[in-house]
Amino acid sequence: DDEDVNADGSVPAIAPPAKKAAVEYQWQKDGDDIPGETHSYFSIRNATMHHEGTYVCVVTFPLLRAVPVHDGGALVGVQVEVDDIDGGENGGTGGAVGGPSDVATSASQTSEEGEGAPYSIRWGETIVRIAEAPVVNNYHGMNDVVEGASLVLTATARGVPQLNFQWVFNGMPIDGAKSKILELHDIQKAQAGTYTCFVENIAGKAVWMEAFVNVRSMDSD
């Protein structure tokens, strides 16, 4: 292949390509750096309650260049650019950075062409809440009541987020019975049977089991 040569016949030196600056990532939880989490992605495995908090990624562009903008020979402004960036394994491109407010803030650091301070942005603020499946205190008992009396059943359960309840009588849902407390008033013999409460949230389901209700006549022994 043909090569360019100097007048004296020597081959000109070829400079190696300049090393590109990598975009830097640092994930934070509740304002503190998370050790080792320096990639563009962040994942949580086997989440527990201590993972709850606010997460954000601080992205830093090491090379910040201010380029003067002229109009008719007069300096009318400064354009701030991130130049010659290597995203590495995470990818990344050069080009303009941020919106007008970001540019104005950075450009104020210099009024002539040249490198300025590193440029950082906070990205992807996310609030993480850990869901806890319902845990119930099971109850197996007989409730012996007199016809016409009242009875209150309470499904004791805990979980995060808010729990949903559905009471069931002899296997059939009770219309409107969607709280942890079931109140039965003026009980009749037709209401004798088994009462169960199904408890659930986005993390799972549980069954509060079960209350047996016996209704006897007022004149019975």
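Being a predicted model, the structure only gives us computed values, none of them experimental.

The rules behind these values
- Residue numbers run consecutively from 1 along every chain, following the written order of its sequence.
- Selection of residues for local features in this predicted model requires a pLDDT of at least 70, selection of side-chain atom pairs for listing and counting requires 80 or more, and totals for whole chains, interfaces and linings are taken over all residues.
- Computation of side-chain values covers all heavy atoms of the structure but excludes hydrogens and water.
- Buried Ala, Val, Leu, Ile, Met, Phe, Trp, Tyr and Cys residues form a nonpolar core when they are joined through side-chain atoms within 4.5 Å.
- Partly exposed describes any residue whose relative accessible area lies between the buried limit of under 20% and the exposed limit of over 50%, with all areas from a 1.4 Å probe on protein chains only and scaled to the type maximum.
- Each helix is a run of DSSP H or I of at least 4 residues and each strand a run of E of at least 2, with the numbering of both proceeding from the N terminus.
- Two residues form a contact once any of their heavy atoms are found within 4.5 Å.
- For two strands to be treated as a pair, DSSP must find at least two bridges joining them.
- Polar contact is the term for a pair of N or O atoms within 3.5 Å; when the atoms are in protein, one must be able to donate a hydrogen and the other to accept it, and sequence-neighboring residues count only if both atoms are side-chain atoms.
- In this analysis, rings of Phe, Tyr and Trp, with Trp reduced to its six-membered ring, are considered paired at centre separations within 6.5 Å, and the interplanar angle assigns stacked below 30 degrees, edge-to-face beyond 60, and tilted for intermediate values.

The next subject is the nonpolar core. By size, the foremost hydrophobic cluster in this structure holds 21 residues, and its most contacted members are L151, L153, W167, L182, Y195 and C197. A total of five residues in this core trace back to one element, the largest contributor, which is strand β19 (residues 204–216). Other than its neighbours up to four places away in sequence, L153 contacts N143, W167, K180, I181, L182, Y195 and A211. Ranked by size, the runner-up nonpolar core spans 10 residues in total, among them Y25, Y55, V59 and V128.

Strand pairing in a sheet relies on backbone hydrogen bonds, with the paired strands running either antiparallel or parallel. Sheet architecture is open: five strands sit in the order β12-β19-β18-β15-β16, paired in mixed fashion. Each having just a single partner strand, β12 (141–146) and β16 (172–173) make up the two edges of the open sheet. As defined by bridge partners, β12 adjoins β19 across six bridges and the pair is classed as parallel. Bridge pairing in β19 links M142 to F212.

Among the secondary structure elements, L184 is positioned in strand β17 (residues 181–184). For L184, a relative accessible area of 8% gives the class buried. Counting along the chain gives 33 residues from L184 to L151, while the straight-line C-alpha distance between them is 5.1 Å. Ignoring sequence-local partners within four residues, the contact set of L184 consists of A149, S150, L151, Q191 and Y195.

All right, on to unusual backbone geometry then. The omega angle of the peptide bond from V160 to P161 is 0°, so this bond is cis rather than trans. Residue placement: P161 occurs in the loop between β14 (157–160) and β15 (164–169). For D30, which is not glycine, the phi dihedral falls at a positive 55°. Inspection of the secondary structure puts D30 in the loop between β2 (24–29) and β3 (32–33).

Relative to the helices and strands, Q26 resides in strand β2. A polar side-chain atom of Q26 sits 3.0 Å from the main-chain carbonyl oxygen of I34. A polar contact is formed between the side chain of Q26 and the backbone oxygen of E37, at a distance of 3.5 Å. Filtering out sequence-adjacent residues up to four positions away, Q26 remains in contact with D33, I34, E37, T38, V56, C57 and V58.

Per the counting criterion, the structure on display carries four aromatic pairs. What links up through ring pairs into an aromatic cluster is the set W27, F42 and Y55.

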